[in-house]
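Spelled out from the first residue to the last, the chains are:
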Amino acid sequence: MYAFLFFLIFLLIYTVFAVYAERKISAFIQDRYGPMETGYYGLLQTVADLLKLIQKEDIVPFKADKKLFKPAPVIIFLAVFAGFAVLPLTSDFAGSSAQIGIFYLLAIVSLDVVGILMAGWGSNSKYALWGAMRSVAQIISYEIPLGLMVVCVVMISQTLNLQEITYQQSIWWNQINPEAENYLFGIKALGIETTNVGGILTWNILRSPLMLIGFVIFFISSLAESNRAPFDIPEAESELVGGFHTEYSGFRWALIMLSEYGMMLLVSFLAVILFLGGWNSFLPNIGSVKLAEWTSGEPGTLAGHLWGAFWMISKALFLVAVQMWVRWTYPRLRLDQLMNLSWKYLTPASILLVLLSAVWRLLMI
Amino acid sequence: MEAADDMKGYWRNIRTAVDTLKTGLKVTAKHMKDARTQRTAIVPEADNYFEKQNAIFTVQYPKEKLPVPDHGRYKLHNEIDDCIVCDKCAKVCPVDCIDIIPLRAVEEIGKTSDGTPRRIYAEKFNIDMAKCCFCGLCTTVCPTECLTMTDEYDFSAYDFEEHNVPFANMTPLEILQKKKELEEFNKQKEAAKALKREEVVPEEKAASGAKPKVGAAKPAFKPRVPGAKPKVVGKPQIPAKKEGEEPSGEESQSKPKPVFKPRVPGAKPKVVVKPEMSPGKAAEEESGQEPKSKPKPVVRPKVQPKKQESEESNETSDKAPRPVIKPKVPGAKPKVVVKPKVPTKKVAEEPKEQEAKSKPRPVMKPKVQQKKDEANQSESKTELPKKAARPVIKPKIKPKNTDSDKEE
Amino acid sequence: MELEAILFYFFAGITAFSVLFIAVTRNILYAAFALILTFIGVAGLFVFMGAEFIAITQILVYVGGILVLLVFGIMLTHRLKGQKLKTDRYQMLFGFLISAGIFGLFIQSIHSGAFSNLPWVDQEYSQEVELKSFGLSLMTDYVLAFEVIGILLLVALIGAVRIAGNARKEGTDAA
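Everything numeric in this text was worked out from a predicted model, so none of it was measured.

Observations concerning the overall build of chain C
When helices and strands are counted, chain C shows six helices and zero strands. In chain C, the order of α-helices and β-strands from amino to carboxyl end is α-α-α-α-α-α. A buried classification covers 21% of the 175 residues belonging to chain C. In chain C, 60% of the contacts between residues at least 6 apart in sequence involve partners at least 24 apart. Carbon and sulfur atoms form 72% of the exposed surface of chain C, whose accessible area is close to 13,100 Å².

Dropping the structure here:
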């Protein structure tokens, strides 16, 4: 319940400032200032925008299929928000510690597609319908490399539980599994044990260096999953007006935007947990200089919570910032290029990585 | 074989993608880094003007402003105390954004800062900045240089009407008073005329009286011209002539001519228009104007609107003046005497000027001669210009009438 | 416990009502969306049975994959001429009789079956064991079936590519 409240409030606050950050980053990339008038350095601009949005009339097009049109934003938001249920924010703080955490996450997020379809169809607008179709085609295509990358991590970690996956990348792994051992690059033959060194050396990207490529593939797919540029053809402002949310206004539109930014955060959290060590510090213990211990608290203690939340959130926000950076750098992919990328490049590479990860796993034991 | 090529292309694609994506990220990262500073405003003359600068471009406009040149050609300003209400600016304006109602004074009301005597009040002097096309012609023709373009460029307003900037500073009461004075003055004059019954004399007086003024104005004008060179540059029409004139004027001291010439080019449109008009009409108008020049000058400005001209001319012709007119026409011919002067001056100038300049002039001359009638008339009396202008404006007037009708 | 009961009835209600809606509605698209709701409800019920993995698989496969394609198909085949996609009702009487009969049969068998007395119902179960044993048995006892299914899917994929690729043979770069 606490996790529910925390994530709901955090998501709202995060969205407000993510929109602000997005505008600032885009402005800086384009040699502009961005919002400057409302609040110090324009900090309150999004708050003002939000207030305006909430006051706006909720317009439902006359010809829209109201039974589908009205609940669609709610379903999209629910699907995204449900994903937060299994995220371990710190070593001892998570909504649900379900054993099938990551599996659940993938499944529930795919419900997003249903909401988008409802919105696109219900709007009775060709732009919305096109946007919805593209969105669905894109999300389904990119779910494959995304899912395969998750499979890679699961094969390395031997569990579907997100909390356990995080523990494995931590110096506290022995607390839940006394016999566990981490080796440098996951190669037991090297004989360099890193279980108590921690830091970046035990993150999944270095536990199995293949995951460096895996992380890139996961990141690209996650961009497509959250309909972000350069994979934003479902929204494609220049051709589809607003894509599936063309006909929405006011609060419902705000809900869709909230979901989009929530999705960004969700996939960033997921990437952090799967590849970047979750709530663990990136500083390793070097001999008697226990940097990793100093920058992360014992699980269950207050310090553990604070350090964990700090590392988790700052890593995720960094990834969100990279998503924005990418968005304002690259042009939008055409539909055929998008499909090419997914089916001809990412999917074969992912399948190969699954195979190699299986081999790597053999080196780890 | 093909498959091998395809595979090569496949790997090449991946490499290109990675390279270009990396380059793209580097570019935008650099821009983000440079966004900590703001770009400095550089004048085009600066050496590094074309160098690439990576910093924030945006100026936070109302708080920060980019420097504009002191001689910026933006909002118009009229120094009403220096204005002799000659109406030239209104005539030359291609978009008719200057709206002037002159009110003749009974006597000289003062001097402008360059010494030109002022004889006309501006009952109304409005410049509609919403219509203004910033061509700068009005500032070029302005004889006293009271009309200038300032470096103020932000004159946005909440009400469209606020763009119509009034420069006249007379109160309605003053206007009424002056009008009354003028009426009385005219009555007295009429009475005097009736007594004398010799129209030619006063006319000549008027003409002769006007000429010296014009002459007086010019000396003042000239010294400025060199100082005000921007103006010369601004005159797209006859820069060569002006430059030629200036030296000639200074050297020969034949002041009237240089003054005339600039006007003549300015008046060219009129010349072109006139031939189109039927001679009879023109005669009527001229005749109409002349009578007006004496008794009606008062009437016209009041009625003002160029719109009603043709009617007015009819009315005026209906009225007593017509018989009077004819004698005047001969009276006007003395101006024709002026004509010879003008060409002679030109001739005099031509030698001074370079030969190249002499060529354009022959082209001008025919026009000039036609104009001379007008020009002479117009300059003989400062009021006349308006009348002269009217025939010219006529083609324009018709649309105006409709516009103004609508407005009304 | 109270909350769990509420949740159980909530999911059961979702399932029942959405199924009923599918039976009643004439709009195919609504029926498809209601079917999504049904599967979600059923997935919820699976969770109450301790079959989390099945529940999630249900959502992942049926909702995220099959039904989205179903809705997609309806949208694509539906000619955008303004008329709604409707089905007609046939054999109302027979349909009603048959379904009522099946319903009665179920009620009867559930009552006589006395599920609560079955030996394996109240047994403790462990998620951990369930997931691990599930994976192990999949890769050992049932590995043949698993691989056969995999080959079947592969064949289906190749067939799909073959069918789809045939249509535009003329373009050499279509491949």
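Comments concerning the overall build of chain A
The number of helices and strands found in chain A is 16 helices and four strands. When the 365 residues of chain A are sorted by exposure, 61% land in the buried category. A fraction of 77% describes how many contacts in chain A between residues 6 or more apart in sequence connect residues 24 or more apart. A total of about 14,400 Å² of accessible surface is found on chain A, and carbon and sulfur atoms cover 71% of it.

Examining the packing of helix α7 (residues 126–157) of chain A against helix α11 (residues 210–225) of chain A
Residue and element names in this part refer to chain A. Contact pair α7 / α11: the axes reach a minimum separation of 9 Å and the direction vectors enclose 150 degrees. Regarding the angle of α7 to α11, the classification is roughly antiparallel. The handedness of the crossing between α7 and α11 is left-handed. When α7 is examined against α11, the residues Gln138, Ile139, Tyr142, Glu143, Pro145, Leu146, Met149, Val150, Cys152 and Val153 are found in contact with a partner set consisting of Met211, Gly214, Ile217, Phe218, Ser221, Ser222, Ala224 and Glu225.

What to know about the packing of aromatic side chains
Residues and elements named next belong to chain A. The tally for this structure, following the rule as stated, stands at 30 aromatic pairs over all chains. Between Phe6 and Phe7, the aromatic rings sit 5.5 Å apart at their centres with planes inclined by 75 degrees, giving edge-to-face as the arrangement. A relative accessible area of 29% places Phe6 in the partly exposed class. On the accessibility criterion, Phe7 (3% relative accessible area) is buried. Connected via pairs of aromatic rings, a cluster forms that spans Phe4, Phe6, Phe7, Phe10, Tyr14, Phe77, Phe81, Phe84 and Phe269. The ring of Tyr41 has Lys24 sitting right over it, with the charged end atom 4.0 Å from the ring centre.

Looking at the interface of chain C and chain A
If you look at the interface, chain C gives 25 residues, while chain A gives 22 residues. Both sides together, the interface formed by chain C and chain A hides about 2,300 Å², and carbon and sulfur atoms give 82% of it. A per-residue breakdown of the area chain C buries against chain A is headed by Tyr30, Ile56 and Met75 of chain C, which together make up 23% of the total. Where chain C packs against chain A, one counts zero salt bridges. In this assembly, chain C and chain A are joined by zero residue pairs in polar contact (both at pLDDT 80 or more). Contributing elements (two or more residues each) for the side of chain C that touches chain A: α2 (28–48), α3 (52–77) and α5 (127–139) of chain C.

Observations concerning the pattern of salt bridges
All names here are of chain A. Counting across every chain of the model gives 14 salt bridges over all chains. With its nearest N and O atoms 3.8 Å apart, the salt bridge here joins Arg332 to Glu239. With a gap of 93 residues between them, Arg332 in the loop between α15 (302–327) and α16 (335–364) and Glu239 in helix α12 (residues 237–240) connect regions that are remote in the sequence. On the basis of relative accessible area, Arg332 is assigned to the partly exposed category, the value being 27%. The partner of Asp336 in a salt bridge is Arg334, with the nearest N and O atoms 2.8 Å apart. For Arg334, a relative accessible area of 48% corresponds to the partly exposed category.

Re the sheet that holds strand β2 (residues 98–104) of chain B
Residues and elements named next belong to chain B. Within the open sheet, the three strands sit side by side as β2-β5-β7. Their pairing is antiparallel. What marks the edges here is a single partner per strand, and that holds for β2 and β7 (164–166). Across the sheet, the axes of successive neighbouring strands diverge by a mean angle of 15 degrees, strand direction being ignored. Lying over the sheet, helix α4 (residues 172–196) contacts β2 and β5 (120–128), oriented at roughly 50 degrees with respect to β2.

Here we look at the side chain of Ser342 of chain A
Inspection of the secondary structure assignment puts Ser342 of chain A in helix α16. Judged by its relative accessible area of 0%, Ser342 of chain A falls in the buried class.

Here we look at the side chain of Ser18 of chain C
All names here are of chain C. As for its placement among the helices and strands, Ser18 is situated in helix α1 (residues 2–24). Exposure remark for Ser18: the relative accessible area of 4% places this residue in the buried category. At 2.8 Å, the side chain of Ser18 and the side chain of Thr38 are in polar contact. In this structure Ser18 touches Gly13, Ala34, Leu37 and Thr38, once residues within four positions along its chain are discounted.

Concerning the UniProt feature "transmembrane region" (unreviewed entry) in chain C
All names here are of chain C. According to UniProt, the "transmembrane region" (unreviewed entry) feature falls on residues 6–24, 29–49, 55–78, 90–110 and 142–161. This span, residues 6–24, is 100% helix and 0% strand, and a straight line between its end C-alpha atoms measures 26 Å. Taken end to end, residues 142–161 has its terminal C-alpha atoms 29 Å apart, with 95% of it in helix and 0% in strand.

Thoughts on a nonpolar patch on the surface
Residue and element names in this part refer to chain A. Together, Phe4, Leu5, Ile9, Leu12, Ile13, Phe17, Tyr40, Tyr41, Leu43, Leu44, Val47 and Leu51 make up an exposed nonpolar region whose accessible area comes to about 1,100 Å². For the nonpolar patch, the secondary structure elements donating two or more residues are α1 (2–29) and α2 (45–55). The dominant element in the nonpolar patch, judged by the number of residues it contributes, is α1, at six residues. Within the fold, Leu43 resides in the loop between α1 and α2.

Side note on the interface of chain A and chain B
Of the residues lining the interface, 16 residues belong to chain A; the matching set on chain B comes to 20 residues. When residues of chain A are sorted by the area they lose upon contact with chain B, Asp31, Tyr33 and Tyr345 of chain A head the list and together hold 41% of the total. Our enumeration of links across chain A and chain B arrives at one salt bridge. One salt bridge in this structure joins Lys63 of chain B and Glu37 of chain A, with 3.3 Å as the shortest N-O distance.

Overview of a negative patch on the surface
The grouping of Asp70, Asp151, Glu152 and Asp154 of chain B at the surface amounts to a negative patch. The topology assignment puts Asp70 of chain B in the loop between α1 (2–34) and β1 (76–78).

Focus on helix α13 (residues 250–275) of chain A
All names here are of chain A. With 26 residues, α13 should cover 38 Å at 1.5 Å per step; its first-to-last C-alpha distance of 37 Å lies within 8% of that length. The buried count for α13 comes to 24 of 26 residues, which makes it a mostly enclosed element. Count one or two residues on from α13 and you reach Gly277, which has phi positive near 80 degrees.

Some details on the packing of α1 of chain A against α13 of chain A
Residues and elements named next belong to chain A. Look at α1 against α13: their axes get within 9 Å of each other, and the N-to-C directions meet at 100 degrees. One finds that α1 runs roughly perpendicular with respect to α13. Listed contacts from α13 to Phe7, Phe10, Leu11, Leu12, Tyr14, Thr15, Ala18, Val19 and Glu22 of α1 are Leu258, Tyr261, Gly262, Met264, Leu265 and Phe269. Classifying every residue of the contact of α1 with α13 by side-chain character gives 12 nonpolar, two polar and one charged.

Calculation notes
Residues numbered from 1 in each chain as written. Chains lettered and ligands numbered in written order. Predicted model: local features only at pLDDT ≥ 70, side-chain atom pairs only at ≥ 80, totals over all residues. Heavy atoms only, no water. Helix = DSSP H or I, 4+ residues; strand = E, 2+ residues; numbered from the N terminus. Buried < 20%, exposed > 50% of the residue type's maximum accessible area, 1.4 Å probe, protein only. Contact = heavy atoms within 4.5 Å. Areas by Shrake-Rupley, 256 points an atom, 1.4 Å probe, with all protein chains shown as cover. Axes fitted to C-alpha atoms, helices over the stretch in contact; angles between N-to-C directions. Parallel < 35°, antiparallel > 145°, perpendicular 65-115°, else oblique. Left-handed = near helix turned anticlockwise from the far one by under 90°. Phe/Tyr/Trp six-rings, centres within 6.5 Å; stacked < 30°, edge-to-face > 60°. Lys NZ or Arg CZ within 6 Å of the ring centre and 35° of its normal. Buried area = accessible area lost by both parts, 1.4 Å probe. Salt bridge = Lys/Arg side-chain N within 4 Å of Asp/Glu carboxyl O. Polar contact = N/O pair within 3.5 Å; in protein donor to acceptor, adjacent residues only side chain to side chain. Pairing = 2+ DSSP bridges. UniProt positions renumbered as here; feature names shortened; annotations may be inferred. Patch = residues over 30% accessible without salt bridge, like charges linked within 9 Å, V, L, I, M, F, W, Y side chains within 5 Å. Lys, Arg positive; Asp, Glu negative; His and termini not counted. Charge placed at Lys NZ, Arg CZ, Asp CG, Glu CD. Expected span 1.5 Å × (residues − 1). Nonpolar A, V, L, I, M, F, W, Y, C, P; charged D, E, K, R; others polar.

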